[in-house]
Amino acid sequence: GGQRLPLMVSANGEWSLPQAVKAMALLEKHSIDWVEMPIMTNDVNGYKKLYNSSSIALAAGSTVTTEQEVMHLICDGKLSIAQIGVNNIGGITPFMKAARLAEIHKIPVTTQGPHDIHFHLVAALENATFCEVSEFRLDAFIDLPLRIVN
């Protein structure tokens, strides 16, 4: 065997809390690293219940629009990974504030959104894990867009 690659699952907030509890129980035997947004991010109490009922890490936050919402999810919802998107949270300054809030609570950060911008922000974070690469078609707005070649 070779090196194990991380495996994450995203429900994109489509599960109800009972569905998420059941799905995460079924996923526990499959070495899933985290489940992204199993329920809507505004269900903070639901995140707390999931956190307490599963051994799988919970990732969420990509749809929040303020640092306060990130803090609410971390403190009251018990996130394992804070997902922050510079495009949703209102720019670089709020992104960095939210990432620092996560760092204070020893929560790793992963990004969601335009990777061309996030690569630079992730490089400045102590608690960064992954930088999501997405097709946001920003190349038309960037002088030297990132090119990934295999």
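In the block above lies the structure referred to throughout.
Now for a quick tour of the structure. (Residues numbered from 1 in each chain as written. Predicted model: local features only at pLDDT ≥ 70, side-chain atom pairs only at ≥ 80, totals over all residues. Heavy atoms only, no water.)

**A short note on the environment of Ile-84**
For clarity, the threshold we go by: Secondary structure elements follow DSSP: runs of H or I of four or more residues count as helices, runs of E of two or more count as strands, with numbering from the N terminus. Under the scheme applied here, a residue whose accessible area is under 20% of the maximum for its type counts as buried, over 50% as exposed, and between as partly exposed, the area being computed with a 1.4 Å probe on protein chains only. Pairs of residues are marked as contacts when any of their non-hydrogen atoms sit within 4.5 Å.
If you trace the backbone, Ile-84 turns up in strand E4 (residues 81-84). Take Ile-84: its relative accessible area is 0%, and that puts it in the buried class. C-alpha of Ile-84 to C-alpha of Ile-39: the two residues are 45 residues apart in sequence and 16 Å apart in space. Setting aside residues up to four positions removed in sequence, Ile-84 forms contacts with Ile-89, Phe-95, Ala-98, Ala-99, Val-109, Thr-110, Thr-111, Gln-112 and His-118.

**Some details on the pairing of E4**
Note the following rule: Only strands that DSSP links by at least two bridges are regarded as paired with each other. Note on handedness: a clockwise path from strand one over the helix to strand two, with the strands aimed away from the viewer, defines a right-handed crossover.
Burial along E4 is two-sided: Ile-81 and Gln-83 facing one way and Ala-82 and Ile-84 facing the other are all buried. With 2 bridges connecting them, strand E3 (residues 57-60) and E4 associate as parallel partners. Its bridge partner being in E4, Ala-59 is matched across the sheet by Ile-81. Note that the unit made of E3, helix H3 (residues 67-75) and E4 has a crossover that is right-handed.

**Describing the environment of Val-86**
Within the fold, Val-86 resides in helix H4 (residues 86-89). Distance in space between the C-alpha atoms of Val-86 and His-115 is 9.7 Å, their sequence separation being 29 residues. The residues contacting Val-86, other than those within four sequence positions of it, are Gly-91, Ile-92, Phe-95, Gln-112, Pro-114, Ile-117, His-118 and Leu-121.

**Remarks on the pattern of salt bridges**
How we decide: Salt bridges, as used here, are contacts in which a Lys or Arg side-chain nitrogen is within 4 Å of a carboxyl oxygen on Asp or Glu.
Tallying each qualifying case throughout the model produces 2 salt bridges. The salt bridge partner of Arg-4 is Asp-33, with a shortest N-O separation of 2.9 Å. Linking Arg-4 in the segment before strand E1 (8-10) with Asp-33 in the loop between helix H1 (17-27) and strand E2 (34-36), this pair joins segments that are 29 residues apart in sequence. The shortest N-O distance in the salt bridge between Glu-103 and Arg-100 comes to 3.2 Å. Taken as a pair, Glu-103 and Arg-100 lie in helix H5 (residues 92-104) at a separation of 3 residues, close to a single helical turn.

**Comments concerning the packing of aromatic side chains**
Note the threshold: Centres within 6.5 Å make a pair out of two Phe, Tyr or Trp rings, where for Trp the six-membered ring is used; the pair is then stacked when the planes are under 30 degrees apart, edge-to-face when over 60, and tilted otherwise.
Using the criterion set out here, one finds 1 aromatic pair in the structure. Considering the side-chain rings of Trp-34 and Phe-130, the 5.6 Å spacing of their centres and the 70 degrees angle between planes classify their relative orientation as edge-to-face. In this pair, Trp-34 is assigned in strand E2 and Phe-130 in the segment after helix H6 (115-123), connecting sequence segments 96 residues apart. Owing to a relative accessible area of 37%, Phe-130 belongs among the partly exposed residues under this scheme.

Nothing here speaks to function; it is geometry throughout.
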